[in-house]
Amino acid sequence: MGKANGSSKKQKKEPDYEQMYKKLEESHDIYHKFFEEVNDAFFVSTKDGKLVDANKAYCELFGVNKEEIKKINVIETYVNPDDRREFLTRVERDGLVKNYPVKLKNVNGREMDCRITAVTLLNKKEEIIGYQGIIYDVTEKKKLQKELENTKNDFQLYLDIFVHDFRNFISVPNVYTSLGRKMVEDRLGVYEKLFKSGDLNRFYKVVKDDLKKTDEMLVNNQNVIKKAIGLIENIETLMKSQHTKKNFTKQNLNEILNSCIGWIKEKYDSKIPLSINYSGMPGANIMADELINNLFTNVFDNAIKYSDKKRTELWVKIEDSVEYWGVRIADTGSGIPEGQRGRVFERYERLKNHEVSGKGLGGVLIKSLAERYDGEVTIEDRIPGDYTQGTCFIIKLPKYTVD
Amino acid sequence: MKILIVDDEIEICSLFKNIIETYGHEIKLASNGDAALDTYRKFRPDLVLMDYRMPGKDGLKTTEEIFNYDPEAQILFCSADSSVKGKAMERGAVGFLQKPFDLEVLIDTIDIYEKKKVEVKKNQDSNSLIADITF
């Protein structure tokens, strides 16, 4: 018996192209909505860097509008074009690069710390025709990380100062107070005996020697207390320079320097022969607040501290340096060899290197204050090529402009 | 006893000098590592009071250099930084005096090393006597 013809094979169903097209369109809409609305900057570029597409977040990040993106070549967004070459080498080698760190810039030239995650786009022949990726702007995150790290280091620094320097300072009055009390106990009997013996010359000599010794102890106590107070003041200024709001007003550099010179002369004049040669410049104005005085008094203080005590001579001069006023403060101190100059301003140097004596906050403070006013501080030899003839601090502060 | 004090703080040096000299010891001062080594060679002290943090070489490096010159050196560390105690003892320091210290502690510490020195001297003398008899 034969099989019935025709009806044993199932009829192949025709695809529902309309439905498929609708689904594809929906999927494209979802993707495009996601592409457009997501907070991270998406981009699609050709191999030679022309932008094919970019989302709203990308436009915001780089300061462009949607119409302008096709005119952009991504190479122009790299601060260092070599970084793009390195990035492409990696993405082409691995097909995918995650969180590649790079410095990019927007249309106004504002530099940003970014991370790029990207893949290669291939044609049917598996050839690279472009790149697609996401850019994360981590500038703020990096800034916060740096601030956190600095806060942690500051805590370590202040802890180190309290633990080390103040213990050192306290040693002196601690021992001298005990010694003074011991002297009072021991010497009363000696004085009584001598006084009763009637040998007033001997009595007078013993009392005089004891008073001399006591005075020496008190002077030493006073010196360490002064050092401790100086350190507390430096810590306070350092904290203020970093954490107080910058309410700057127009100030005259001549007036500031004259006032600082007057203050330093009053502080040292009776103790050491001090000569300050000042060459000012009228109309040298800057934007600053009251902390600016600490910047110069600290430079003067440092210069005097490390100068020959028999005669200290300072030269202070204001120079016109295009957008800046340069203040040169030269001394006749023992000088700083070139290799050690960076250490003078390095805030955490004492935490890393115990060949740095504890008290060294002066340089740190000078740098911190100069930076507060968007300035900078550098060190040169007073006589070029011979550091032993003294040091010259150069403080550059931005000129006051009406803008 | 001959004592060398190594400290960059002038007031600390002066403090040690004032106290220790009262007890009849001979004192020399050095404010950094290089000066300490130089003074050690010339002065040959019985005891060195060594600070840790100093400009130039720190106390540990200075200790190593003194030991290279004289392995029998008696070095007593004296620092505000207690974390250095272990390292100082590893390098061969005979003790550690934590700043700030009390007057009595300083006097007692110097006293201990003076007695130790007398003891060592006694042993050396009796050994040389035995050697003489044997000879």
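Keep in mind the model is a prediction, meaning the values are calculated, not measured. (Residues numbered from 1 in each chain as written. Chains lettered and ligands numbered in written order. Predicted model: local features only at pLDDT ≥ 70, side-chain atom pairs only at ≥ 80, totals over all residues. Heavy atoms only, no water.)

1. Some points on unusual backbone geometry
The amide bond that connects Lys-99 of chain B to the next residue, Pro-100 of chain B, takes the cis arrangement and shows omega of -5°. Structurally, the position occupied by Pro-100 of chain B is in the loop between β5 (95–98) and α5 (103–134). At Asn-99 of chain A, a residue that is not glycine, the phi angle is positive and equals roughly 50°. When you line up the elements, Asn-99 of chain A lands in strand β3 (residues 96–105). (Helix = DSSP H or I, 4+ residues; strand = E, 2+ residues; numbered from the N terminus.)

2. A closer look at the nonpolar core
One recurring pattern in soluble globular proteins is that nonpolar side chains are buried together. Residue and element names in this part refer to chain A. Among the nonpolar cores identified, the biggest contains 78 residues, and Leu-253, Phe-296 and Phe-300 are the most heavily contacted of them. The dominant element in this core, judged by the number of residues it contributes, is helix α4 (residues 139–197), at 10 residues. Residue contributions to this core reach at least three from each of two domains, namely domain 2 (143–243) and domain 3 (249–398). Sequence-distant contacts of Phe-296, defined by excluding residues within four places in its chain, comprise Leu-253, Ile-256, Leu-257, Cys-260, Val-327, Ile-329, Ile-395 and Leu-397. Grouped together as the second largest cluster of nonpolar side chains are 26 residues, Ala-54, Phe-62, Val-74 and Tyr-78 included. (Core = buried A, V, L, I, M, F, W, Y, C linked by side-chain atoms within 4.5 Å. Buried < 20%, exposed > 50% of the residue type's maximum accessible area, 1.4 Å probe, protein only. Domains from an automatic or database assignment. Contact = heavy atoms within 4.5 Å.)

3. Here we look at the interface of chain B and chain A
Residue-level contacts link 28 residues of chain B with 27 residues of chain A. Across the contact surface, chain B and chain A share 3 salt bridges. Glu-11 of chain B serves as the salt-bridge partner of Lys-227 of chain A, at 2.9 Å between the closest nitrogen and oxygen. Applying the counting criterion to the chain B and chain A interface returns 10 residue pairs in polar contact (both at pLDDT 80 or more). Considering every element that reaches the side of chain B that touches chain A, the biggest residue donor is helix α1 (residues 10–22) of chain B, with 8 residues. Classifying every residue of the side of chain B that touches chain A by side-chain character gives 12 nonpolar, 6 polar and 10 charged. (Salt bridge = Lys/Arg side-chain N within 4 Å of Asp/Glu carboxyl O. Polar contact = N/O pair within 3.5 Å; in protein donor to acceptor, adjacent residues only side chain to side chain. Nonpolar A, V, L, I, M, F, W, Y, C, P; charged D, E, K, R; others polar.)

4. Notes on helix α3 (residues 81–94) of chain A
Each α-helix winds once per 3.6 residues, and so residues spaced three or four apart point in a common direction. Residue and element names in this part refer to chain A. End to end, α3 covers 21 Å across 14 residues, agreeing with the expected 20 Å (1.5 Å per residue, within 8%). For α3, the full list of buried residues reads Arg-84, Phe-87, Leu-88 and Val-91. Taken around the axis of α3, the buried residues stretch over an arc of 100°, which confines them to a single face. Opposite the buried face of α3, by more than 90 degrees, sit the exposed residues Arg-85 and Arg-93. Turning to α3, the residues buried within the fold contact β3, β4 (111–122) and β5 (128–137). Where α3 ends, the next residue or the one after it, Gly-95, has phi of about 80°, a positive value. (Expected span 1.5 Å × (residues − 1). Arc of directions from axis to C-beta.)

5. Examining the sheet that holds strand β3 (residues 47–50) of chain B
Residue and element names in this part refer to chain B. Taken in spatial order, the 5 strands of this open sheet run β2-β1-β3-β4-β5, and their pairing is parallel. One side of each edge strand has no neighbouring strand; the edge strands of this open sheet are β2 (26–30) and β5. The mean angle between the axes of side-by-side strands here comes to 20°, regardless of whether they run parallel or antiparallel. Relative to β5, strand β4 (residues 75–79) is paired through 4 bridges, and the arrangement is parallel. Considered in β5, the bridge of Phe-77 is made with Phe-96. Running at roughly 150° to β2, helix α2 (residues 33–43) makes contact with β1 (2–6), β2 and β3 of the sheet. (Pairing = 2+ DSSP bridges. Axes fitted to C-alpha atoms, helices over the stretch in contact; angles between N-to-C directions.)

6. Description of the packing of aromatic side chains
Counted under the stated rule, the structure contains 11 aromatic pairs over all chains. Here Phe-162 of chain A and Phe-166 of chain A contribute two aromatic rings whose centre-to-centre distance is 5.2 Å and whose plane-to-plane angle is 20°, an arrangement assigned as stacked. Of this pair, Phe-162 of chain A and Phe-166 of chain A both sit in helix α4, 4 residues apart, which is roughly one turn of the helix. On the basis of relative accessibility, which here comes to 12%, the residue Phe-166 of chain A falls in the buried class. Positioned above the aromatic ring of Phe-43 of chain B is the side chain of Lys-2 of chain B, whose terminal nitrogen or guanidinium carbon lies 5.1 Å from the ring centre. Above the plane of the ring of Tyr-69 of chain B lies Arg-41 of chain B, whose end atom (NZ or CZ) is 5.2 Å from the centre. (Phe/Tyr/Trp six-rings, centres within 6.5 Å; stacked < 30°, edge-to-face > 60°. Lys NZ or Arg CZ within 6 Å of the ring centre and 35° of its normal.)

7. Some remarks on the pattern of salt bridges
The full count for this structure, using the stated rule, is 33 salt bridges over all chains. With a shortest N-O distance of 3.3 Å, Glu-371 of chain A and Lys-367 of chain A are connected by a salt bridge. Taken together, the residues span about one helical turn, with Glu-371 of chain A and Lys-367 of chain A both in helix α10 (residues 362–372) at a distance of 4 residues. A residue is classified by how much of its surface remains accessible, and Glu-371 of chain A, at 43% relative accessible area, is partly exposed. Lys-367 of chain A gets classed as partly exposed once you look at its relative accessible area, which sits at 33%. The partner of Asp-34 of chain B in a salt bridge is Lys-57 of chain B, with the nearest N and O atoms 2.1 Å apart. Taken together, the positions of Asp-34 of chain B in helix α2 and Lys-57 of chain B in the loop between β3 and α3 (59–69) put the pair 23 residues apart, joining distant regions of the chain.

8. What to know about the packing of α2 of chain B against α3 of chain B
Residues and elements named next belong to chain B. For the pair α2 and α3, interaxial distance at closest approach is 9 Å and the crossing angle is 25°. When the axis of α2 is compared with that of α3, the two are roughly parallel. Seen along the crossing, α2 lies across α3 with a hand that is right-handed. In contact with Gly-33, Ala-36, Leu-37, Tyr-40 and Arg-41 of α2, α3 contributes Thr-62, Glu-65, Ile-66 and Tyr-69. Tallied by class, residues from the contact of α2 with α3 come to 5 nonpolar, 2 polar and 2 charged. (Parallel < 35°, antiparallel > 145°, perpendicular 65-115°, else oblique. Left-handed = near helix turned anticlockwise from the far one by under 90°.)

9. Some details on the state of the cysteines
Residues and elements named next belong to chain B. Enumeration according to the criterion identifies 0 disulfides over all chains in this entry. Here Cys-13 is not cross-linked by a disulfide; its sulfur's nearest cysteine counterpart is in Cys-78, at 10 Å. Taking relative accessible area as the criterion, Cys-78 reaches 2% and is therefore assigned buried. (Disulfide = S-S within 2.5 Å.)

10. Here's the deal with the domain arrangement of chain A
Assigned domains of chain A: these are domain 1 (22–137), domain 2 (143–243) and domain 3 (249–398). For domain 1 of chain A versus domain 3 of chain A, the distance between C-alpha centres works out to 48 Å.

11. Section: the confidence of the model for chain B
Considering every residue of chain B, the mean pLDDT works out to 90; 94% of them sit at 70 or more. The least confident element of chain B, judged by mean pLDDT, is α5 of chain B at 80; the most confident is β3 of chain B at 97. (pLDDT = per-residue confidence, 0-100.)

12. Structural notes on the pairing of β4 of chain B
Each regular strand carries side chains that alternate between the two faces of the sheet. Residues and elements named next belong to chain B. In terms of burial, β4 is largely enclosed, as 5 of its 5 residues are buried. The sheet contact formed by β3 and β4 spans 3 bridges and is parallel. Directly across from Val-48, in β4, lies its bridge partner Ile-75. On the question of chirality, the crossover connecting β3 to the parallel β4 by way of α3 is right-handed. Handedness of the crossover joining β4 and β5 through helix α4 (residues 85–90): right-handed. (Right-handed = clockwise from strand over helix to strand, strands pointing away.)

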